[in-house]
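# A structural walkthrough
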Amino acid sequence: MDDHTIPSLDVQGVESLTAPRQICESCGADSGPKFLLSELRGPSDAHRANIVPTGHEREIKLLDIDRTQSEISRLDDEIDRLQQVLSSLQQRRDTLKKFNIQEQSLLAPIRKLPADVLQHLFVVALYHFTYDGFISICQPKSFIRTITQVSAYWRYLAHSCPTLWSRITFDTFYSSQPRYMYTGGRLLERYISLSREVPVHLKFDSDLGIPKYLEDGAIQAVAKSSHRWEVAEFNDYTGELLQAIESYLPQDVIFTCLKSLSISYLYHSISFNHTPALIRLSVVGREGLHTPLQTPTIFLRSAPSLTSLSVTGQEDFQNTLVEFPWSQITQFESRDNTFTEGGLAVVFELMDNLTSLTLYGTKITTPIALPKLQTLKIVDDTDTSSEQTDVLNIFIAPCLKALHLELEFNSAEIMELLERSHCVLEEVTLTNIRLDDKWKAQLQKVKKLCLYKPSYITNNLRWLIKHNENISQEPPSSGVLSDYVLPEVEELHIKRIPFDTKRVVLKMLITMLESRLPPILLTGNTMSNDTEVVSYLKLVTIDFDRKLNRKEKAFLKKFIASDIVRMSGVVITIHHGREGYAGEDARTNTDMNSEDL
């Protein structure tokens, strides 16, 4: 072929284009001769050459273009037809699939469940997927909304279960978002109506005052349900919301079901005169906020069941609580409170039946006698000054049984408190405290020991190992428990410790178990019926501060399945990566228990 000759379609290709179309009678497709791309012979880049076709060649090319354009149109029509067929098939498939799913749902086992069982499952799932079972009226991904959108029957069951709607929280974080601004009020009123006559739990966290969309109807609904309040928490930074709710409360209202009341940032006086079921009251001060000229007060004229009081950030709070039944209080928690000279002493003198005291960063300088106190808990606080470590020196508690310390005290201070009070401890929880020989006498009657996140973990465990090893080498006479360290301990809890201390922990457990087993068992002989196992120990719990890998878990499982653990009968439970550790969820973690092996 000459370089200047332009290739053209052969006669067969042209005839295939000019042949009449043949249509299939069954499917409508074109069954006539098809244009074959292989018939376009010639170099693919011929159009790039600077060649001008001659007259005859030009006529051939025009004919080729016309025929190929006709074939393109035919192919477009065929594609459209096939797309219509495909769309019809897809629509038919979707219809059949939907029908199939609907038919399968009729056979689903869940349909066999009675309505009350299904409603109970709703409640259980609500507690699983939400915080303590509370539903937010403005949360975008609400579990309760998902349930009501599954089917009309599920929506009917959900609306017929008042318990699902009885724990309501209102958070301005969500309610301030534009898409939820006009739904919060209506939902609040709706949820309260769906709770019917069951006791309700209400939580209000508002830092914006009363939102504009929270209509009077919603506030009235909250006020009208006051006789059904069981738990009410008002964290209102401005005081406007609580004041608005109070304005709609009926006169001489009786809070029949109210058991727990929490009021934060009180800006005006408020009365809860008739609270026959109230057990716990929590008051949070106004630290860092605007303080009114007159100290607001809380009136509690009739609260015969009140036994627990928690006060945070208040100054001489005895002036805030008016007509308060101080002698009824058995549990008191003080957090970051300040008092004038003798103010705290007056409070403790009024609470003459106090049995449990918890202090967070509360400075006390006046000696205080607590004749009925059984539990003392002193917790570290970031704002606590070094003067707080002297707090033990001012207590006299002859009935003290449980001591929980999360401040760094030395043993001498603790021993002075115990000797001054002439008390016998049964439960001890220690953090950042070093055990030494001074503790041996004080641990004789302890039934529960908890070493919580201890800084001196290695020292404390080695101290226990030393005393247990001494007893193992020279066993005490039968029935003499006083020679043991922790002779009557029933529960031992070691919490939030690094895994690097595993060998010290296990050695301590082995020596403790060996010192309490009869020698005849340790030699592999059979124990007779009259052989006494000198031990009260029943439960050991170890919490590691991170999630363990497979190799580490296998190492621990081998220990808790050992003969020494089996013969002792002690239940050893090992937790790792539990809730409260960084980035871990308690529901996804694995526990190891000697009873399961």
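Cut-offs used in this document
Residues numbered from 1 in each chain as written. Predicted model: local features only at pLDDT ≥ 70, side-chain atom pairs only at ≥ 80, totals over all residues. Heavy atoms only, no water. Buried < 20%, exposed > 50% of the residue type's maximum accessible area, 1.4 Å probe, protein only. Helix = DSSP H or I, 4+ residues; strand = E, 2+ residues; numbered from the N terminus. Pairing = 2+ DSSP bridges. Salt bridge = Lys/Arg side-chain N within 4 Å of Asp/Glu carboxyl O. Contact = heavy atoms within 4.5 Å. Expected span 1.5 Å × (residues − 1). Arc of directions from axis to C-beta. Phe/Tyr/Trp six-rings, centres within 6.5 Å; stacked < 30°, edge-to-face > 60°. Core = buried A, V, L, I, M, F, W, Y, C linked by side-chain atoms within 4.5 Å.

### A closer look at the pairing of strand E4 (residues 229–236)
Along E4, seven of the eight residues are buried, which leaves the element largely enclosed by surrounding structure. Examined bridge by bridge, strand E3 (residues 200–206) and E4 share seven bridges and lie parallel to one another. By the bridge assignment for E4, His-201 is matched with Val-231. Summarising the sheet, E4 and strand E5 (residues 260–264) pair through five bridges and their orientation is parallel. Paired with Ala-232 across the two strands is Leu-261, which belongs to E5.

### Here's the deal with the pattern of salt bridges
Under the criterion given, the structure shown has 11 salt bridges. Between Glu-488 and Lys-445 there is a salt bridge, with its nearest N and O atoms 3.2 Å apart. Placement of Glu-488 in the loop between helix H13 (457–473) and strand E19 (491–497) and of Lys-445 in the loop between helix H12 (439–442) and strand E18 (448–452) is noted, with a sequence separation of 43 residues between them. Salt-bridge contacts for Glu-552 lead to Arg-546; the nearest nitrogen and oxygen are separated by 2.6 Å. Taken together, the salt bridges that share partners define one network made up of Lys-445, Lys-447 and Glu-488.

### Things to note about unusual backbone geometry
Despite not being glycine, Arg-196 shows a phi value in the positive range, around 55°. Residue class for Arg-196 comes out partly exposed when judged on its relative accessible area of 41%. Its identity is not glycine, yet Arg-496 carries a phi of approximately 55°, on the positive side. Topologically, Arg-496 is positioned in strand E19.

### Looking at the sheet that holds strand E8 (residues 298–299)
Spatial strand order, E6-E8-E10: three strands in an open sheet with parallel pairing. Among the strands making up the open sheet, the edge pair consists of strand E6 (270–271) and strand E10 (321–322). With two bridges connecting them, E8 and E10 associate as parallel partners. Its bridge partner being in E10, Ile-298 is matched across the sheet by Leu-321.

### Examining the side chain of Ser-310
Relative to the helices and strands, Ser-310 resides in strand E9 (residues 308–312). Assessed through its relative accessible area of 4%, Ser-310 is described here as buried. Setting aside its immediate chain neighbours within four residues, Ser-310 contacts Arg-280, Leu-281, Ser-282, Val-283 and Glu-333.

### Here's the deal with helix H3 (residues 115–129)
Under the 1.5 Å per step criterion, the end-to-end length of H3 is 21 Å for 15 residues, consistent within 8% with the ideal 21 Å. The complete set of buried residues in H3 reads Leu-118, Gln-119, Phe-122, Val-123, Ala-125 and Leu-126. The arc that holds every buried residue of H3, seen down its axis, measures 165°, which confines them to one face. For H3, exposure combined with an orientation more than 90 degrees from the buried face picks out Asp-116 and His-120. Here the buried face of H3 lies against strand E1 (135–136), helix H4 (143–148) and helix H5 (152–159).

### Here's the deal with the packing of aromatic side chains
For the coordinates displayed, the defined rule picks out 10 aromatic pairs. Ring centres of Trp-165 and Tyr-191 lie 5.0 Å apart, and the angle between their planes is 50°; this geometry places the pair in the tilted category. Here Tyr-191 lies in helix H7 (residues 184–194) and Trp-165 lies in the loop between H5 and strand E2 (167–171), a separation of 26 residues in the sequence. Residue class for Trp-165 comes out buried when judged on its relative accessible area of 3%. A centroid spacing of 5.1 Å and a plane angle of 65° characterise the contact between Phe-499 and Phe-544, whose relative ring orientation is edge-to-face. One end of the pair, Phe-499, is in the loop between E19 and helix H14 (502–516); the other, Phe-544, is in strand E20 (residues 539–544), and 45 residues separate them in sequence.

### A word on the nonpolar core
Membership of the largest hydrophobic core comes to 128 residues, with the highest contact counts inside it found for Trp-229, Phe-332, Leu-357, Leu-376, Ile-414 and Trp-439. Looking at this core, the element that brings in the most residues is H14, giving seven residues. Excluding its chain neighbours within four sequence positions, the residues that come into contact with Leu-357 are Phe-332, Phe-348, Leu-370, Leu-373, Thr-375, Leu-376, Lys-377 and Phe-395.

The values are spatial; any link to function lies outside them.
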